[in-house]
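Topology and contacts: notes
Chain by chain, the residues:
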Amino acid sequence: MQRFKIILAGCGGMGNAWMNYMIKRDDVEIIGLCDIIIERAEDYRQKYNLSEKTGIFDDIKKALAGCPGANLVVDCTTPDAHELIVTSAMNFGADAIGEKPMAETREQALNEIAVSDKTGRSYAIMQNRIYLPGMRTIRKALGDNLLGRLGSVSSDFFIGAHFGGFRDLMDNVLILDMAVHTFYQARFIIGSNPKSVYCQEFNPPGSWYKGNASAIAIFEFENGVVYDYRGSWCSEGFNTSWECDWRLIGEKGTIKWDGGNYLSAQIKKDGESGFTVPFDEIKLDFIDIGKNHGHEGCFDEMFSALIEKRPAETDCRENYYSMNMVYGAIESAKCGKKVML
């Protein structure tokens, strides 16, 4: 059995989800903990009852040098640190998996891919929302031609999220740190990649963020589908789910999903005519995706890909197309023009 000897980089809030998953696996050994605030790493060692031999570090390169045999780095640091963490891991000879977004800038993301190509090591990124039954059910319905040819997809994300910490200081907090999830969902649903974007970012009255916490964006995809995104991380009242509220419109009708338990389609009746055509409502039953859901589903996929020596579904190369939507949206908002991707 392959054994993963892991260094966890970033011992903050999100690292707990990764730790709680990893300590349940028989093939995982945590041999190093790394955080720029070294006391956090020490707290993790105690919290998770790790061996006193587990190394404690405040620098990823020191951690790699001080943990002989490390073959996997788990990156739960802030977005500005991702490039350093994962490229250091791959150049050392270890694989990397970690939190979104894969990088703050397009140049950093492309460098991560280049290092992966050069070293032959893999890097996969958390995209937990494609491991939800609702997402898989929608894609199956589209594959079964329920709507006919898809024309447009819309998503709404409105949550007043009082995080505190680094997010409050980010310039493009919604687009970079959250919308990447939704953009990945859109690509998964549409089954194509975007070719252009027009975006407006803004920071509304009452915002507690330094940077732009709201945005509206329109993407055109290579297969002709138009996708529009509306979102805010400082919207108080009538919150959507974290998975967004979705509307998909095709030749035959519409699918709506609230990101939770409501998933339904309205399909126009054959042979009917009139100012508005009658429709049949079809409740879509969530399919059994046969695996863990959400974060644990993505964790499973990442580790399975490493064991099977194949790219993960959320490999950095595939993930880059979603990040390109992020970078293009930010660029469009800055220049006030449509940007080709």
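Reading guide: rules and limits
Residues numbered from 1 in each chain as written. Predicted model: local features only at pLDDT ≥ 70, side-chain atom pairs only at ≥ 80, totals over all residues. Heavy atoms only, no water. Buried < 20%, exposed > 50% of the residue type's maximum accessible area, 1.4 Å probe, protein only. Helix = DSSP H or I, 4+ residues; strand = E, 2+ residues; numbered from the N terminus. Right-handed = clockwise from strand over helix to strand, strands pointing away. Pairing = 2+ DSSP bridges. Axes fitted to C-alpha atoms, helices over the stretch in contact; angles between N-to-C directions. Contact = heavy atoms within 4.5 Å. Core = buried A, V, L, I, M, F, W, Y, C linked by side-chain atoms within 4.5 Å. Lys, Arg positive; Asp, Glu negative; His and termini not counted. Salt bridge = Lys/Arg side-chain N within 4 Å of Asp/Glu carboxyl O. Phe/Tyr/Trp six-rings, centres within 6.5 Å; stacked < 30°, edge-to-face > 60°. Lys NZ or Arg CZ within 6 Å of the ring centre and 35° of its normal. Patch = residues over 30% accessible without salt bridge, like charges linked within 9 Å, V, L, I, M, F, W, Y side chains within 5 Å. Areas by Shrake-Rupley, 256 points an atom, 1.4 Å probe, with all protein chains shown as cover. Parallel < 35°, antiparallel > 145°, perpendicular 65-115°, else oblique. Nonpolar A, V, L, I, M, F, W, Y, C, P; charged D, E, K, R; others polar. Disulfide = S-S within 2.5 Å.

1. Quick notes on the pairing of strand β5 (residues 95–98)
Side chains of β5 alternate between two faces, with Asp95 and Ile97 and Ala96 and Gly98 buried alike. You can see the chain leave strand β4 (residues 72–75), run along helix α4 (residues 82–92) and come back into β5, and the turn it takes is right-handed. Bridge analysis of β5 against strand β6 (residues 123–125) gives three bridges, and the strand direction is parallel. Within β6, the position partnered with Ala96 by the bridge is Tyr123. For the handedness criterion, the β-α-β arrangement of β5, helix α5 (residues 106–119) and β6 is classed as right-handed.

2. Quick notes on the sheet that holds β5
Strand order across the open sheet formed by six strands is β3-β2-β1-β4-β5-β6, with parallel pairing between neighbours. At either end of the open sheet lies a strand with only one pairing partner, and these are β3 (55–57) and β6. When the angles between neighbouring strand axes are averaged without regard to direction, this sheet yields 25°. Together, β1 (4–9), β4, β5 and β6 form the strand contacts of α4, whose direction differs from that of β4 by roughly 175°.

3. Topic: helix α1 (residues 15–22)
In terms of burial, α1 is largely enclosed, as six of its eight residues are buried. Every buried residue belonging to α1 is among Gly15, Asn16, Trp18, Met19, Tyr21 and Met22, and all of these are buried. Against β1, β2 (28–34), α2 (38–47), β4, β5 and α8 (294–308) lie the buried residues of α1.

4. Examining the nonpolar core
Of all hydrophobic cores here, the largest spans 110 residues; its most connected members are Met22, Tyr227 and Leu248. By residue number, the principal contributor to this core is helix α7 (residues 173–190), which donates 13 residues.

5. A look at the side chain of Asp75
The topology assignment puts Asp75 in strand β4. Despite being buried, Asp75 has no salt bridge partner; Arg40 is the closest side chain of opposite charge, sitting 12 Å away. Here Asp75 is in contact with Ala9, His82, Ile85, Val86, Ile97, Gly98 and Glu99, once residues within four sequence places are set aside.

6. Remarks on the packing of aromatic side chains
Using the criterion set out here, one finds 17 aromatic pairs in the structure. Consider the rings of Tyr44 and Tyr48, whose centres lie 5.4 Å apart with planes at 65°: the pair is edge-to-face. Both residues of the pair, Tyr44 and Tyr48, count as buried. By the ring-pair criterion, three or more aromatic residues cluster together here, those being Phe157, Phe163, Trp208, Tyr209, Trp233 and Trp242. The ring of Phe163 has Arg167 lying over it, and the distance from NZ or CZ to the ring centre is 4.5 Å.

7. Comments concerning a nonpolar patch on the surface
Together, Tyr198, Ile218 and Val226 make up a nonpolar patch on the protein surface, roughly 240 Å² of accessible area in all. Within the secondary structure layout, Val226 lies in strand β10 (residues 226–232).

8. Overview of the sheet that holds strand β9 (residues 214–221)
As summarised here, the arrangement of the nine strands in space is β14-β13-β12-β11-β7-β10-β9-β8-β15, forming an open sheet in which the pairing is mixed. Among the strands making up the open sheet, the edge pair consists of β14 (279–283) and β15 (339–340). Two strands pair when backbone bridges link them, and strand β8 (residues 194–202) and β15 are joined in this way by two bridges, in the antiparallel orientation. Bridging from a neighbouring strand, Val197 pairs with Val339 of β15. In the packing of α7 onto the sheet, contacts are made with β7 (150–158), β8, β9, β10, β11 (245–250) and β12 (253–257), and the angle to β10 comes to roughly 150°. Lying over the sheet, helix α9 (residues 316–335) contacts β8, β9, β10 and β15, oriented at roughly 55° with respect to β8.

9. Side note on the packing of helix α6 (residues 133–143) against α7
At their nearest, the axes of α6 and α7 sit 9 Å apart, and the two run at 30° to each other. The angle between α6 and α7 falls in the class roughly parallel. Residue-level inspection shows Met135, Arg136, Ile138, Arg139 and Leu142 of α6 in contact with α7, the latter providing Gln185, Phe188 and Ile189. Looking at side-chain class alone, the contact of α6 with α7 contains five nonpolar, one polar and two charged residues.

10. Structural notes on the state of the cysteines
Here is the idea: a disulfide is a covalent bond, and it sits between the sulfur atoms of two cysteines. Inspection of the entire model under this criterion finds zero disulfides. Take Cys34: it sits in no disulfide, and the sulfur closest to it among the cysteines is that of Cys11, at 7.4 Å. Note on Cys34: relative accessible area 6%, which makes it buried. No disulfide involves Cys67; its sulfur sits 9.0 Å from the nearest other cysteine sulfur, which is in Cys34. Taking the relative accessible area as the measure of exposure, Cys67 reaches 3% and is therefore buried.

11. Re the pattern of salt bridges
Considering all chains together, one arrives at 21 salt bridges under this definition. Ionic pairing is found between Asp144 and Lys140, a salt bridge with its closest N-O pair at 2.8 Å.

12. Looking at unusual backbone geometry
Cis peptide bonds are those with omega within 30 degrees of zero, and the linkage from Lys100 to Pro101 qualifies with -10°. Examined against the element boundaries, Pro101 turns out to sit in the loop between β5 and α5. Despite not being glycine, Phe238 shows a phi value in the positive range, around 50°. The backbone phi angle of Lys309 is positive, close to 55°, even though this residue is not glycine. By the element assignment, Lys309 lies in the loop between α8 and α9.

Nothing here speaks to function; it is geometry throughout.
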